[in-house]
Each structure stands twice: as C-alpha cells, then as structure tokens.
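Next come the chains, spelled out residue by residue.
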Amino acid sequence: MASESEILQSVPTALWIGGPVEATGGATFPVHDPATGEVLTRVADASPEDAMRALDAAVAAQESWAATPARERGEILRAVFESITARAEEFALLMTLEMGKALPESRNEVRYGAEFFRWFSEEAVRVHGRYLHAPSGTGRIVVHKQPVGPCLAITPWNFPLAMGTRKIGPALAAGCTMIVKPASETPLTMLLLAELCSRAGLPDGVLSVITTSRSGAVTGPLIDDPRLRKLTFTGSTEVGKRLVASSANRLLRTSMELGGNAPFVVFDDADVDAAVQGAMLAKLRNGGEACTAANRFHVQRGVLEEFTAKLVTAMSDSVTLGPGTDPSTTLGPLINEDQLNTVSELVEDAVSAGATVRLGGKAPGGPGWFYPATILSDVPPNARIRTEEVFGPVAPVIGFDTEEEGLAAANDTRYGLVSYVYTRDLDRALRVAEGLESGMVGVNRGVISDPAAPFGGVKESGFGREGGSEGIEEYLSTKYIALT
Ligand code: NAP
C-alpha cells in the first residue's frame, strides 16, 4: 500500500472539469491534518467563473448522458464501485489524513460509500413509468420518468466520500450530470473519486468537482443559473435554510439532508448490555461527528444507573484517543478548532447547569483537535447540549419515568433525522417507533445507515431521501403524456 506522502503526492489537487483544470489565476487553499493542525497539501481554489465552466460542461454532457442506455450507465457505476473497492486502503488513508477519523472508521466509510455506486448501478435499470386507461374512458395515460438535468451537490466534511456518493450514484443512474462542491476541510477524497470515475469510463462533463474556500460566492451564481435544475445539500440546518431561500428565486428543486439531534431511548425492559453496545456505536461511530449520532440518552429510571455505569466502563475500556493513522487509535481528533471549542463549550455549559461528568470532559490540549469520550449524567433541561447538536464524542444521559414522558422528551427537538429505541416489548417498540418524530428509527440497533434504505429526516433535519429505491426519485421528473 502507498505511504502517506506517496498518497499526498499522487492525489489530484486541481479542479476536475472534464479532467484536471487549474483554478483561475492558479489560486489554491490549504488542507489541514486535524491530528496536527499542519498543512497536508494545497488544492485549487475555484472562482465563480470556474464554477460556471463546470456548469457549461455539465450542460454540454447532459443530453448524451441522459440518452446513454441505462444498462451502460449502470455498468460504469458498477466499474466505479469495483475501483473504489480495489483502492479502498488508499481512500481510507486519504480520508483519515484530511478528516482525522480513525482508520477503521475510514475503512467502514469506504465500504459504505462505494456501495452507493453498486446499489444505484442496479437501480439505473429499474426506472419505470406507467401506462393506463383513464377511468373515465376518455383516453390513455402514460407516466414517464425523465432525468431532472444538471445538478449541484454540496457536501460536508464528516463523511468525505459517502456524502458525495449518496448523491452522485443516484444522479448518474437517473441520467443527470452533476457538479460536486465538497467541504473545504476535506476536498481530496472527492477529487480522487472524480479521477477514478473518469478512468472507469465516465464521459467528460458528467461529473465535475469544484473545490473552493468561498463556497457561498462560488455556488451562488450556479443556483441562480436557469440551466441548473437541482440542488442537493448535506450539511448544517443553518446553511440548508440559506440555500433553500436562495433556491426559491427560481423554485429550484432541492433535497436537504441537514442536522440531527438523535434521541437514544432505553426502557426498563431493554437488554441493557445490548443497549450499551448500541449506544457505543450510535455515539462513537465517526467519532460522534455524524448527523445520525445519538445526541441525548433518555433512560428509564429502573435501568438508569446500570446503563450509565456500564456505558462508562465500555467507553473507558475500549476508546483510545489519538491520531487516526495510529493503528491503536479508535477515536481520532475533531475536524478543527471551531468544532473543538463548540464541543468544549457545550460540556462546560452542561456542567455549570448542574450536570455530573462521569467520564472525560476535558480536552487534553497540545497539537491537534482532540476531545476525549465523555459521559455526563443528571443533565438538566436548560443545558444547551439537550437541544443543540454536539457533533463530538459526548453522551449526555437523562432519566425519565413513564413511556409518555420518554417519548415526549425524545421528540422535544426541532430536528427529526433519526431516533433509537431499546426495549424487549414488541408492542412498545412499534408504538414508540410510530410516535417518534424522525425520518428513521433504529429499534434495538445503534447503526441504521444502509444504501438499500431511504435515509432522510423530517422537521428541521430536512427533506428528500437518499438510498433505497426512493433515492433515485430525487433525480427524476414525472411527465404525464395524454393519449387518445
Ligand atoms: P456546513 O457548514 O453546513 O457545510 C456543509 C457544506 O456546505 C460544505 O461544503 C460547506 O462549504 C458548504 N457551505 C457552507 N456555507 C455555504 C454557503 N453559504 N453556500 C453554499 N455552500 C456553503 O456543515 P458541516 O459543518 O460541513 O457539516 C456538519 C453538519 O452536517 C451537521 O449539522 C450534520 O448533522 C450535517 N450532516 C447531515 C447529514 C444528513 O444526511 N442529514 C449527513 C452528514 C452531516 P465549506 O466547507 O467551504 O464551508
């Protein structure tokens, strides 16, 4: 396998618009290693004019890509799946370098991210319409699905590969071209993916990647351009709302995968050991920097102390904080200093409101943006961590008495992405799963993401679905053709 320096030397750093292209004036910006704070490399810093070149390329390629037989599109997607899989270690190391997560987490993401190409290579050939006689007997109805057209995807830093492939896979399968604007903290993974797609046979212009340090200024003109037909965004609720507002001008079609504040509800009748195992996954997957991360642990009082004590033991026994590239590390650094400050402030606020620190609770300092696995108990309702997304390895544990009270506490959030529930009672599991106000519910499971399932939220976690058979619908328009 290639070393860190070999990977950094070989990874593409130019914009990808039908191939590598320098940004206007040769502008670049730095990419940092969260484990050291040092600069890893520099990548092209796109201008609004560069973004327009990417849109020109997407528009030019749209017609022929849409006309390419679905089987051929599917085969290219399948070839991309094979090449990501063949180069999994390279992708994993690159992701760990630019994002910080521990290598096993990166390997998991490579598997998960690649799977969207395999899944949508299969879905590409299953886009169906309908043919029926009008019940009134006045004619025939043909329902026909067509690709929406050129799309813009804006993605976050926490899953540098998968948040892109979850959009690229279905868009390309549906016959759309796409421009991806990855997060400025983690542009390298997406640039490598673009190069690999091209080698796998994807025609020029079908997928472009524009990296930039001025995301608003560079994507704004694209959103205003009538040739762009769809915006798909994954990121914070704040930015999502701004993008929906700017898309409203042209009533641009949008999909929004936004923030979460997932409740993890444990009832007295749960298998507590299984709940602790699930909690470890729901909290620590991706170092807690996941929109699906459990943000609040609501535990019924009969098992509250047992669950908390076992979670403390599990985290202190199995979490090793360190650079993601170190083989013994299970918890890497946070993405940047801002994120470290946010996590530290949320913990300090909870403690000053009366919460008890049961584990961790203090950044070790030194180079890099490290924060330890942390457990807080007795977290009062006025602590900010109960309503704000922590996006780090911090688990606030909160007691409740009745099922109604637990459900109400779980739903007491403006977000609605995912919820977790642990109980051995099937009736209760179904009742609570139906009552939880979220797009997804894990029952006795701490990880729910699956390329074959529709991923997405309600309330301020957004709208639209990624994955499953629903995922491709986001990139299709429905046309009704009336016949005699
Ligand atoms: P973010 O600040 O909203 O950034 C996401 C993306 O939007 C980045 O590419 C960013 O570019 C870009 N961006 C920022 N401001 C913009 C603007 N004015 N116009 C156009 N683009 C803009 O979110 P983040 O901090 O990267 O990611 C964390 C958030 O994402 C969390 O809230 C998490 O829950 C959410 N998330 C949701 C899902 C889901 O599926 N629901 C999945 C993963 C993450 P720059 O990097 O240049 O700022």
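The structure displayed is predicted, hence computed values, not measured ones. (Residues numbered from 1 in each chain as written. Predicted model: local features only at pLDDT ≥ 70, side-chain atom pairs only at ≥ 80, totals over all residues. Heavy atoms only, no water.)

**Topic: the packing of aromatic side chains**
As a reminder of what qualifies: Between 30 and 60 degrees the pair is tilted, below 30 it is stacked and above 60 it is edge-to-face, where a pair is any two Phe, Tyr or Trp rings, Trp via its six-membered ring, whose centres lie within 6.5 Å. Helix numbers and strand numbers start at the N terminus; a helix is a DSSP run of H or I with at least 4 residues, a strand a run of E with at least 2. Partly exposed residues are those whose accessible area sits between 20% and 50% of the maximum for their type, while under 20% is buried and over 50% is exposed, using a 1.4 Å probe and protein chains only. Put simply, a charge is over a ring when the Lys NZ or the Arg CZ is close to the ring centre, within 6 Å, and near the line of the ring normal, within 35 degrees.
Under the defined criterion, the tally for this structure stands at eight aromatic pairs. Relative to Tyr422, the ring of Phe264 lies with its centre 5.1 Å away and its plane at 25°, an arrangement referred to as stacked. Taken together, the positions of Phe264 in strand E12 (residues 262–266) and Tyr422 in strand E17 (residues 418–422) put the pair 158 residues apart, joining distant regions of the chain. One exposure class covers both Phe264 and Tyr422, and it is buried. Ring centres of Phe267 and Phe400 lie 5.5 Å apart, and the angle between their planes is 85°; this geometry places the pair in the edge-to-face category. Residue Phe267 is found in the loop between E12 and helix H10 (272–284), and its partner Phe400 is found in strand E16 (residues 394–400); the two are separated by 133 residues along the sequence. Comparing Phe267 with Phe400 shows no difference in burial state: the two are buried. Between the NZ or CZ atom of Lys230 and the centre of the ring of Tyr475, over which it lies, the distance is 5.1 Å.

**Overview of the UniProt feature "active site" (unreviewed entry) in the protein**
In plain terms, the rule: UniProt positions are given in the numbering used here, feature names are shortened, and annotations may be inferred rather than shown by experiment.
Residues given the UniProt feature "active site" (unreviewed entry) here are Glu257. Inspection of the secondary structure assignment puts Glu257 in strand E11 (residues 253–257).

**Quick word on helix H13 (residues 403–411)**
Every α-helix carries 3.6 residues per turn, so stepping three or four residues along brings you back to the same face. The criterion, for reference: The contact criterion used is simple: two residues touch if any of their non-hydrogen atoms lie within 4.5 Å.
Buried within H13 we find Glu403, Gly406, Ala409, Ala410 and Asn411. Packed against the buried residues of H13 are E12, strand E13 (294–300), E16 and helix H14 (426–435).

**Digging into the sheet that holds E16**
Note the threshold: Strands are treated as partners if at least two bridges between them are detected by DSSP. Lines fitted to C-alpha atoms define the axes here, with helix axes fitted over just the stretch in contact, and angles between the N-to-C directions of these axes take values from 0 to 180 degrees.
Taken in spatial order, the seven strands of this open sheet run E14-E15-E16-E13-E12-E17-E18, and their pairing is mixed. A strand with exactly one partner marks an edge of an open sheet, and here the two such strands are strand E14 (356–359) and strand E18 (440–443). Adjacent strand axes in the sheet meet at a mean angle of 25°, parallel and antiparallel pairs treated alike. The pairing of strand E15 (residues 374–377) with E16 spans three bridges and is classified as parallel.

**Some details on unusual backbone geometry**
Unusually for a residue other than glycine, Leu251 sits at a positive phi of about 50°. Looking at the element boundaries, Leu251 is found in the loop between helix H9 (237–248) and E11. For Leu251, a relative accessible area of 76% corresponds to the exposed category. If you check the backbone angles, Asn444 has positive phi at about 55° while not being a glycine. Tracing the backbone shows Asn444 in the loop between E18 and strand E19 (462–463).

**Topic: the domain arrangement of the protein**
Note the following rule: For every domain, the bounds stem from an assignment made automatically or drawn from a database. Two parts placed together each lose some accessible area under a 1.4 Å probe, and the buried area is that loss summed for both.
For the protein, the domain assignment lists domain 1 (4–257 + 461–483) and domain 2 (262–449). Each of domain 1 and domain 2 has a C-alpha centre, and these two points are 31 Å apart. Contacts between the two partners involve 27 residues from domain 1, matched on the other side by 29 residues from domain 2. Where domain 1 abuts domain 2, roughly 2000 Å² becomes buried across the two surfaces, and 58% of that area is made up of carbon and sulfur atoms.

**Details of the packing of helix H3 (residues 70–86) against helix H7 (residues 188–199)**
To describe two helices that pack against each other, one gives the angle between their axes and the distance between the axes. Applicable threshold: Reported orientations rely on four angle classes, namely roughly parallel under 35 degrees, roughly antiparallel over 145, roughly perpendicular from 65 to 115, and oblique for the rest. Throughout, a crossing is termed right-handed when the near helix is turned clockwise from the far one, and left-handed when it is turned anticlockwise from it by less than a right angle. Each residue gets one label: Ala, Val, Leu, Ile, Met, Phe, Trp, Tyr, Cys and Pro are nonpolar, Asp, Glu, Lys and Arg are charged, and the others, such as Gly, are polar.
The interhelical angle for the contact between H3 and H7, taken along N-to-C directions, is 125°, at an axis separation of 9 Å. Judged on the interaxial angle alone, H7 and H3 are oblique. In the packing of H3 onto H7, the handedness of the crossing is right-handed. Judged by residue contacts, Val80, Ser83 and Ile84 of H3 engage Leu193, Leu196 and Cys197 from H7. Grouping the constituent residues of the contact of H3 with H7 by class yields five nonpolar, one polar and no charged.

**Brief notes about the sheet that holds strand E20 (residues 476–483)**
Reading across from one edge, E5-E6-E20 is the order of the three strands in this open sheet, with antiparallel pairing throughout. Two strands close off the open sheet at either side, each with one partner strand: strand E5 (130–133) and E20. Each strand of the sheet is rotated relative to its neighbour by a mean of 20°, with strand direction disregarded. Across eight bridges, the pairing between strand E6 (residues 140–147) and E20 is antiparallel. Note on E20: the bridge partner recorded for His144 is Lys479.

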